[in-house]
Each structure stands twice: as structure tokens, then as C-alpha cells.
Amino acid sequence: MEEKVDRRVRKTKAQLRAGLARLMQKKSIKEITVKELVEEVDINRSTFYLHYTDIYQMLESIEAELMDEVSHLVADYPLDPINNKESSYPFIEQIFTILDNNKDICIALLGKNGDMAFVSRIEKLIADTVLHRLSIRLPKDNRDIEYAYAFCLNGCVGMIKTWLSSENQESTQHMAELTHKLIDNTTHMYLEQALR
């Protein structure tokens, strides 16, 4: 019986999440009401309040789940861009899998009405890992690695936005390979010059 309840709860939350994603593609989170969301997904208000206190708490909960997935990924796939170039590929592929599995809400979060503070938190989480490892090889006073990293990261965010909104979306494997090549080429070109 408990599994049936769990399935119902998951289904309701998935409906609410999909509805919120659709609404966020049209308007800012500040403009979305509980009434509008429950009408969008055809459930009653009391069902919404069983799970969330308001729209902001719902969005925080969704973002926390995504952040948790990325945090686990960082822990499960330790990056070593210095000694093992290939270590970043499985990590990148898993990032694209997470994005693909959460496509609707990711499009909303990265869109014009999205939450850039959330995107910044994800970027910081990854940067804290990657930049630390890259900076070990460079002279302490060399801050250029931050610029090179920002260049790669912002390029990746742009690529992800384009990929998520594409009608003929390439596979996660294709996007991971492309991203890996672009980052690898940029990083190694930069490191070669910095170490001369």
C-alpha cells in the first residue's frame, strides 16, 4: 500500500513540476500563483499544500534535488584534468544525462525567467572542484586560469541552452563528447602556454 501512495506522490509532484516549468517559460516566478499552477495541472489547491507551502518553497525544493544530484556526481566522478584527461568525460556525460532527465525544469531555470542564482550555485560547486585541481599546476600568481575556466563554463552554459531547446536534440553521448573535446582542447592549449 505504501508504494502505491509513494507512486501517487511522485506522480503529483511530477505534474506540479512540469506545470511550473511551463509557466516559468512564460513568466517570472514572482508572477506565478498557486491557483494558476493547480489550474495548469488540474489538481486542487489542498493537494498542492500537502507537499509545498508556496511556489517559492516548491522551486527551492526542486533546485535542492537538482543540486543534490550534481553534488553526488562531483563526489562519484572525481575530476583529475591534470593526470587523467579522460576522467572528465564520464562526469560530463552524467551532467548531460541529468539535464536530459530534467529537461523541462532545466529549460525554465536557464531561460529568461529562470533562477540565475541557482545556475551560479551549480557553477560554483563545479568550479571549486575543477579550478582547485587546475591551479595546483600553475604559479600562485597566475589568475588567468579563472578567465580560461569562465570562458569554458559560459560556453558550456550557452551550448546547454541551445541543446535543451533544440527540436532535433543530439544524444547525451554526442554532447558529452563535443563538450569534452572543446574543454580539453581549451584547457590543454591554455596550460601549455601558461607553463612555458
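Residues numbered from 1 in each chain as written. Predicted model: local features only at pLDDT ≥ 70, side-chain atom pairs only at ≥ 80, totals over all residues. Heavy atoms only, no water.

A. Broad picture of the overall build of the protein chain. A tally of helices and strands in the protein chain yields nine helices and zero strands. When the helices and strands of the protein chain are read in sequence order from the N terminus, they spell out α-α-α-α-α-α-α-α-α. Relative to its 196 residues, the protein chain shows a buried fraction of 42%. By sequence separation, contacts in the protein chain at least 24 residues apart represent 66% of the contacts at least 6 residues apart. In the structure as shown, the protein chain presents an accessible area of about 11,700 Å², 52% of it carried by carbon and sulfur atoms. (Helix = DSSP H or I, 4+ residues; strand = E, 2+ residues; numbered from the N terminus. Buried < 20%, exposed > 50% of the residue type's maximum accessible area, 1.4 Å probe, protein only. Contact = heavy atoms within 4.5 Å. Areas by Shrake-Rupley, 256 points an atom, 1.4 Å probe, with all protein chains shown as cover.)

B. Region of the structure containing the nonpolar core. Ranked by size, the top nonpolar core spans 49 residues in total, and within it L20 and F48 carry the most contacts. Per element, the largest residue contribution to this core is nine residues, and it comes from helix α4 (residues 55-76). Look past the residues within four positions of L20 in its chain and what remains in contact with it is I29, I32, L37, I55, M58, L59 and I62. (Core = buried A, V, L, I, M, F, W, Y, C linked by side-chain atoms within 4.5 Å.)

C. Expanded view of α4. Taking 1.5 Å per residue as the helical rise, α4 with its 22 residues ought to reach 32 Å, and the 32 Å between its terminal C-alpha atoms agrees with that figure. When we look at burial in α4, the residues that qualify are I55, M58, L59, S61, I62, E63, L66, M67, V70, L73 and V74. Looking at where α4 begins, the residue whose side-chain oxygen comes 3.1 Å from the main-chain nitrogen of Y56 is D54. (Expected span 1.5 Å × (residues − 1). Polar contact = N/O pair within 3.5 Å; in protein donor to acceptor, adjacent residues only side chain to side chain.)

D. Representation of the packing of aromatic side chains within the structure. On inspection of all chains with the given rule, the structure shows three aromatic pairs. Ring centres of F48 and Y49 lie 5.2 Å apart, and the angle between their planes is 90°; this geometry places the pair in the edge-to-face category. With relative accessibility at 39%, the residue Y49 sits in the partly exposed group. On the basis of an interplanar angle of 45° and a centroid distance of 5.7 Å, the ring pair of F48 and Y52 is categorised as tilted. Look at Y52 and you get buried, because its relative accessible area is 5%. (Phe/Tyr/Trp six-rings, centres within 6.5 Å; stacked < 30°, edge-to-face > 60°.)

E. Highlighting unusual backbone geometry. Positive phi is not limited to glycine here, since D42 has a value of about 60°. Note on placement: D42 falls in the loop between α2 (34-41) and α3 (45-51). Residue D42 is classed as exposed on the basis of its relative accessible area of 71%.

F. Region of the structure containing the confidence of the model for the protein chain. Residue-level pLDDT values for the protein chain average 84, and 81% of them are 70 or greater. The spread of mean pLDDT over the elements of the protein chain runs between helix α7 (residues 116-135), the lowest at 76, and α2, the highest at 97. (pLDDT = per-residue confidence, 0-100.)

G. Up close: the side chain of T172. Mapped onto the elements of the fold, T172 is located in helix α9 (residues 172-194). With relative accessibility at 12%, the residue T172 sits in the buried group. Once residues within four sequence positions are removed from consideration, T172 is found in contact with F96, T97, D100 and W163.

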